[in-house]
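# What the coordinates show
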Amino acid sequence: MLIVQKFGGTSVGDLERIQNVANRVSETRKAGNEVVVVVSAMSGETNKLVAYAEHFSSNPQKTELDMLLSSGERVTASLLAIALNEMGCKAVSMTGRKAGIITDNLHTKARIEEINPIAMRNALNEGQIVVVAGFQGVSAEGNVTTLGRGGSDLSAVAIAGALQADLCEIYTDVSGIFTTDPRIEPKAKKLNRISYDEMLELASLGAKVLQNRSVELAKKLNVNLVTRTSFSHEEGTLITKEENIMEKPLVSGIALDKNQARVSLRGVKDRPGIASEIFNKLANNNVNIDMIIQNVGHDGSTNIDFTVPKSDLNDAKNVVHAFLDSCDIKEESYDEDICKVSIVGVGMKSHTGVAAKAFSTMAAENINIHMISTSEIKVSMVIAEKYAELAVRSLHNAYRLDK
Ligand code: ADP
Ligand code: ASP
Ligand code: MG
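Model, not experiment: these values are computed from the prediction. (Residues numbered from 1 in each chain as written. Chains lettered and ligands numbered in written order. Predicted model: local features only at pLDDT ≥ 70, side-chain atom pairs only at ≥ 80, totals over all residues. Heavy atoms only, no water.)

Bringing the pairing of strand β11 (residues 225–229) into the picture now. With respect to burial, β11 is a largely interior element, five of its five residues being buried. Where burial is concerned, the two faces of β11 agree: the one with Leu 225, Thr 227 and Thr 229 and the one with Val 226 and Arg 228 are both buried. Judged from the three bridges that link them, β11 and strand β12 (residues 237–240) form a sheet pairing that is antiparallel. In the strand pairing of β12, Thr 227 is matched with Thr 237. (Buried < 20%, exposed > 50% of the residue type's maximum accessible area, 1.4 Å probe, protein only. Helix = DSSP H or I, 4+ residues; strand = E, 2+ residues; numbered from the N terminus. Pairing = 2+ DSSP bridges.)

So this is what it looks like as structure tokens:
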């Protein structure tokens, strides 16, 4: 078998843990498999590098950020290759560029355009273990790019797709996908299987256990994806097609996203085309918009509220300021003390009352809901950040996910 194994930040968090990873990888290799390993930076390392950049500038050049941030993964990749060779397992480390990961030039959240796996393939043919620095690629201009926070998951899935691997294992610090973050609700239950669509919703809505784009790609390429822990041999969670899942619970999980900010625009000129102008500008500046509320206008003006990832807030402010200058918007305000809690389940498609139960659960806890959005398989609510954990636990209990 050809197996891609990705080890996250905690799994390579110190030298002892890198040795533990080397032992695991060598077991897989000795069992007769071809192995490509994708590693993250040591836990905390990427945040530390971001803080270094912010020491000098509140708005560092994104090309320089990528140059800086990509270094964390190179450290762990080379250390792991050294450890493996020392154990008698032939191994070679590769940067994203060497591994043939070609991206667009959207620095700090680049998209993979193609993978040219020839160097990886050649090394595998020579019997080597390939250790790839995750989270990075190279643009057509030859600049190093990074794939967005949590992007080593995407590196792993994309490589598994390009090499037509039999299995892609994501090793992390929890034993699989749970009904909610087990660090918030210790009663959360591990799922044996979850569908790509539900996992994609959970990941997009804040469950950082898998980066959302990695799930999207796994679904598209039909990659066999398993999430498990690097600290024991416990079985993990298989992420698979919906038809491979027997039980379809009404609600599969609760997600929490504390990384959102709310933008409020007051006195927006109420004329045809204004929303299109604002949101096109935001899109052109690569600001991800999530929920949008527009109030009924009167006296020729209206209010628009929307949420963006905190990391996009600076870019959003720049766009808004241009509209303030042209007097199309009177006032702006921003709120970073919000969070989004969401309920996800494919079973919702055929049941009513799921959303109503979520709202009454918030009411019972006296939590005010600021914004709501729903789809076929999710209900999301924006609330004050201070209620985040309480909301998650109450919803987990209300839908009896611990049972
Ligand atoms: P890594 O560094 O290995 O990539 P992450 O920190 O990115 O790991 O993701 C693992 C974390 O995701 C867990 O420690 C857990 O707190 C969090 N998490 C959030 N939601 C879930 C969930 N539904 N199931 C499991 N873990 C979750
Ligand atoms: N090191 C990067 C991050 O912290 C990528 C990853 O860990 O997946 O976001
Ligand atoms: Mg991660």
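Turning our attention to helix α2 (residues 45–56). The first and last C-alpha atoms of α2 sit 18 Å apart over 12 residues, in line with the 16 Å expected at 1.5 Å per residue. Taken together, the buried positions of α2 are occupied by Thr 46, Leu 49 and Ala 53. Along α2, the residues classed as buried sweep out an arc of 65 degrees about the axis, all on the same side. Tucked into the core, α2 has its buried residues touching α3 (62–86). (Expected span 1.5 Å × (residues − 1). Arc of directions from axis to C-beta. Contact = heavy atoms within 4.5 Å.)

All right, on to the site of ligand 1 then. With respect to spatial proximity, 17 residues lie near ligand 1, and among them Thr 172, Asp 173, Phe 178, Asp 181 and Arg 183 are the closest. Between Phe 178 and ligand 1, the recorded distance is 2.9 Å, taken from a backbone N or O atom to a nitrogen atom. Contact between ligand 1 and Asp 181: an oxygen atom at 2.8 Å from a side-chain N or O atom of the residue. When the free accessible area of ligand 1 is taken as 570 Å², the share hidden by the protein chains comes to 89%. By residue class, the composition of the shell around ligand 1 is seven nonpolar, five polar and five charged. (Near = heavy atom within 4 Å. Polar contact = N/O pair within 3.5 Å; in protein donor to acceptor, adjacent residues only side chain to side chain. Areas by Shrake-Rupley, 256 points an atom, 1.4 Å probe, with all protein chains shown as cover. Nonpolar A, V, L, I, M, F, W, Y, C, P; charged D, E, K, R; others polar.)

Turning our attention to a nonpolar patch on the surface. A cluster of nonpolar side chains, Leu 15, Val 75, Leu 79 and Ile 82, forms an exposed patch at the surface whose accessible area comes to about 370 Å². With three residues, the top contributor of residues to the nonpolar patch is α3. Relative to the helices and strands, Val 75 is located in helix α3. (Patch = residues over 30% accessible without salt bridge, like charges linked within 9 Å, V, L, I, M, F, W, Y side chains within 5 Å. Salt bridge = Lys/Arg side-chain N within 4 Å of Asp/Glu carboxyl O.)

Backbone-to-backbone hydrogen bonds join strands into a sheet, with any given pair of strands oriented parallel or antiparallel. Strand order in this open sheet of eight strands is β3-β6-β2-β1-β9-β11-β12-β10, and the pairing throughout is mixed. Because the sheet does not close on itself, it has two edges, and the strands there are β3 (91–94) and β10 (193–195). Strand-to-strand twist of the sheet, defined as the mean angle between neighbouring strand axes without regard to direction, takes the value 20 degrees. Note: strand β9 (residues 167–172) against β11, five bridges, orientation parallel. Residue Cys 168 lies in a different strand from β11, and its bridge partner there is Leu 225. Helix α1 (residues 15–30) contacts β1 (2–7), β2 (34–39), β6 (129–133), β9 and β11 of the sheet and is inclined by roughly 170 degrees relative to β1. (Axes fitted to C-alpha atoms, helices over the stretch in contact; angles between N-to-C directions.)

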